[in-house]
Amino acid sequence: PGLAAFIKEYTDMYSDYGEARAASLNFHLQQLSRLIMPTTTTKMGLWTLEQDDAFFSNTAKGSLAGILARELQITETQKGRIVERRMEIKQITANLKRTLELLQQLKGAANKKHKLFKDRMEKCTRILSPVQVVKLLLWVNKNEGELREVCPGWGSEQIIPEKQ
């Protein structure tokens, strides 16, 4: 394997746009999504608690409210307290949906950054020889402070700005 293959392997393993980092990021985002999603029991509870008065009034033998009332032996007082909490439950459900939307936005932003950085470096590697690419990587690593001073916008692609 030549220097170009080594650069590709290094890039895939260590760069912020490499395959290893992308896989790790996707794994952690999937784990966050899994942890945010309510369990089946919680989903059932949230759905039931959000229902209107007609749902709780229908205590027929085959209705869900009727089944729950019998199985759990829910009293009228408990039913009233459940209904009182309806708006709180709707807010919790709305917050959950918003959290999942934000997670999707984060995933999209991370993938966009990954693609942008990868495209830029691929342009450089098409222009430079493998030896020049290695020299560039080493030089950038060594001179990052200088780059901040002389390059307008250096670091502007940071997701979280540095504290000054």
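Remember, it's a predicted structure, so these values are computed and weren't measured experimentally. (Residues numbered from 1 in each chain as written. Predicted model: local features only at pLDDT ≥ 70, side-chain atom pairs only at ≥ 80, totals over all residues. Heavy atoms only, no water.)

Trainee: Is there a simple way to think about the overall build of the chain in this case?
Mentor: Helix and strand counts for the chain come out as nine helices and zero strands. Taken from the N to the C terminus, the helices and strands of the chain come in the order α-α-α-α-α-α-α-α-α. The C-alpha atoms of the chain give a radius of gyration of 27 Å, which is well past the 15 Å a tight globule of 164 residues would have. Out of the 164 residues in the chain, the part that is buried amounts to 18%. Put simply, 57% of the contacts in the chain that link residues at least 6 apart link residues at least 24 apart. Accessible area of the chain: about 12700 Å², with a carbon and sulfur share of 59%. Averaging the coordinates of the 25 positive side-chain charges in the chain and doing the same for the 19 negative ones gives two points 3 Å apart. (Helix = DSSP H or I, 4+ residues; strand = E, 2+ residues; numbered from the N terminus. Rg over C-alpha atoms; globule rule 2.2 N^0.38 Å. Buried < 20%, exposed > 50% of the residue type's maximum accessible area, 1.4 Å probe, protein only. Contact = heavy atoms within 4.5 Å. Areas by Shrake-Rupley, 256 points an atom, 1.4 Å probe, with all protein chains shown as cover. Lys, Arg positive; Asp, Glu negative; His and termini not counted. Charge placed at Lys NZ, Arg CZ, Asp CG, Glu CD.)

Trainee: Explanation requested: a nonpolar patch on the surface in the structure shown.
Mentor: Side chains of L3, F6, Y10, M13, Y14 and V131 sit close together on the surface and give an oily, nonpolar patch of about 630 Å² of accessible area. The biggest single contributor to the nonpolar patch is helix α1 (residues 3-14), with five residues. Within the secondary structure, Y14 is located in helix α1. Under the relative-accessibility criterion, Y14 is labelled exposed at 58%. (Patch = residues over 30% accessible without salt bridge, like charges linked within 9 Å, V, L, I, M, F, W, Y side chains within 5 Å. Salt bridge = Lys/Arg side-chain N within 4 Å of Asp/Glu carboxyl O.)

Trainee: Teacher, can you tell me more about the environment of E50 here?
Mentor: Following the sequence through the fold, E50 ends up in helix α3 (residues 40-50). Beyond its immediate chain neighbours, meaning those up to four positions away, E50 contacts R86, I89, K90 and T93.

Trainee: Honestly, unusual backbone geometry in this entry has me stumped. Any pointers?
Mentor: For residues besides glycine, phi is generally negative; the peptide bonds are generally trans as well. Phi is positive for Q73, close to 55°, though the residue is something other than glycine. Residue position: Q73 is located in the loop between α5 (64-72) and α6 (76-84). With relative accessibility at 64%, the residue Q73 sits in the exposed group.

Trainee: Explanation requested: the packing of aromatic side chains in the structure shown.
Mentor: Here the distance between the centres and the angle between the planes together describe a pair of aromatic rings. If you walk through the whole model with that rule in mind, you get two aromatic pairs. With a centroid separation of 5.5 Å and an interplanar angle of 85°, the aromatic rings of W47 and F55 are classed as edge-to-face. Residue W47 is classed as partly exposed on the basis of its relative accessible area, which comes to 42%. The class of F55 is buried, set by a relative accessible area of 14%. Centroid distance F55 to F56: 5.1 Å. Interplanar angle 90°. Geometry classified as edge-to-face. The class of F56 is buried, set by a relative accessible area of 10%. In textbook terms, an aromatic cluster arises when at least three aromatic residues are bridged by ring pairs, as seen for W47, F55 and F56. (Phe/Tyr/Trp six-rings, centres within 6.5 Å; stacked < 30°, edge-to-face > 60°.)

Trainee: Hey, could you run me through the environment of K97 in this one?
Mentor: Structurally, the position occupied by K97 is in helix α7 (residues 86-127). Considering only alpha carbons, one finds K97 and M37, 60 residues apart in sequence, at a separation of 9.4 Å.

Trainee: What is the right way to look at the pattern of salt bridges in this model?
Mentor: Note on pairing: side chains with opposite charge can pair once their charged atoms come close. Here the structure, examined in full by the defined rule, presents eight salt bridges. The closest approach of N and O atoms between E19 and K118, which form a salt bridge, is 3.2 Å. Note that E19 is positioned in helix α2 (residues 19-36) and K118 in helix α7, a separation of 99 residues in sequence. K118 sits in the partly exposed class, given a relative accessible area of 27%.

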